[in-house]
Amino acid sequence: QVQLVESGGGLVQAGDSLTLSCAASGRTEHMGWFRQAPGKERELVAAIRWSVAYYADSVKGRFTISRDSLKNTVYLQMNSLKPEDTAVYYCAAGLTVKVVTIPGQYDYWGQGTQVTVSS
């Protein structure tokens, strides 16, 4: 079974940068970052398969997803952070993902890491 471990969350001020990492064990084909704020639905932030990436409109131009296949690790570089980016960020992986924005498409999830952006 695939295990995912996220790290890199923390408290930052608006405009700061933060990089999240997700170390995976086992085979993963599609990987993505989701986030969920209190009272809101879980939403896809970014996804990647090989070198092809997808970004939510709310983070385009600010966030960058990358993957080191040799280390089996995915990263999410977050720049120009805003208070509305505050959420628990989850790493997800799946062998077969048809629609990257649907959480149910992914088979494995990390424990989540809290990102809090103050104004």
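Above: the structure in question.
Residues numbered from 1 in each chain as written. Predicted model: local features only at pLDDT ≥ 70, side-chain atom pairs only at ≥ 80, totals over all residues. Heavy atoms only, no water.

Peer 1: Before we move on, could you go through the packing of aromatic side chains and cite the residues and values that matter?
Peer 2: Overall, the coordinates contain 3 aromatic pairs when judged by the stated rule. Their ring planes at 85° and their centres at 5.2 Å tell us that phenylalanine 34 and tyrosine 106 sit as a pair that is edge-to-face. With phenylalanine 34 in strand 4 (residues 30-36) and tyrosine 106 in the loop between strand 9 (87-94) and strand 10 (108-109), this residue pair connects regions lying 72 residues apart in the sequence. Taken individually, phenylalanine 34 and tyrosine 106 each receive the classification buried, so the pair is uniform in this respect. Measuring from ring centre to ring centre gives 5.0 Å for phenylalanine 34 and tryptophan 109, while their planes differ by 55°; the resulting arrangement is tilted. With phenylalanine 34 in strand 4 and tryptophan 109 in strand 10, this pair connects stretches of sequence that are 75 residues apart. For phenylalanine 34, a relative accessible area of 0% corresponds to the buried category. The exposure class of tryptophan 109 is partly exposed, given its relative accessible area of 29%. An aromatic cluster is built from Phe34, Tyr106 and Trp109, whose rings are joined through pairwise contacts. (Phe/Tyr/Trp six-rings, centres within 6.5 Å; stacked < 30°, edge-to-face > 60°. Helix = DSSP H or I, 4+ residues; strand = E, 2+ residues; numbered from the N terminus. Buried < 20%, exposed > 50% of the residue type's maximum accessible area, 1.4 Å probe, protein only.)

Peer 1: Which residues make up the side chain of aspartate 85, and what are the values?
Peer 2: Counting through the fold element by element, aspartate 85 comes out in the loop between strand 8 (73-78) and strand 9. Classification of aspartate 85 as buried rests on a relative accessible area of 1%. Residues in contact with aspartate 85, not counting those within four places in the same chain, are Arg35, Arg62, Phe63, Ser80, Val115 and Val117. (Contact = heavy atoms within 4.5 Å.)

Peer 1: Quick rundown of the state of the cysteines? Include the residues and the values.
Peer 2: Here the structure, examined in full by the defined rule, presents 1 disulfide. Note on cysteine connectivity: cysteine 22 is disulfide-linked to cysteine 91, with sulfurs 2.1 Å apart. Taking the sign of the S-S torsion, -80° for the link of cysteine 22 and cysteine 91, the bridge is left-handed. Placement of cysteine 22 in strand 3 (residues 18-25) and of cysteine 91 in strand 9 is noted, with a sequence separation of 69 residues between them. Here cysteine 22 and cysteine 91 have matching classes, each one buried. (Disulfide = S-S within 2.5 Å.)

Peer 1: Describe the nonpolar core, and please don't skip the residues or the numbers.
Peer 2: Within soluble globular proteins, side chains that are nonpolar generally end up buried alongside one another. Counting 28 residues, the largest nonpolar core has Met31, Trp33, Leu76, Met78 and Tyr89 as its most contacted members. Counting residues per element, the ones that place at least two in this core are strand 3, strand 4, strand 5 (43-49), strand 7 (63-68), strand 8, strand 9 and strand 11 (113-118). The next biggest cluster of nonpolar side chains, apart from the first, holds 6 residues, and it includes Phe34, Ala92, Val97 and Tyr106. (Core = buried A, V, L, I, M, F, W, Y, C linked by side-chain atoms within 4.5 Å.)

Peer 1: Can you lay out the environment of glutamate 43 for me, pointing to particular residues and giving the numbers?
Peer 2: By the element assignment, glutamate 43 lies in strand 5. Separated by 58 residues in sequence, glutamate 43 and threonine 101 place their C-alpha atoms 7.2 Å apart. Those residues within four positions of glutamate 43 in sequence are excluded, and the remaining contacts are Trp33, Phe34 and Arg35. Among the polar contacts made by the side chain of glutamate 43, one reaches the side chain of arginine 35 at a distance of 2.8 Å. (Polar contact = N/O pair within 3.5 Å; in protein donor to acceptor, adjacent residues only side chain to side chain.)

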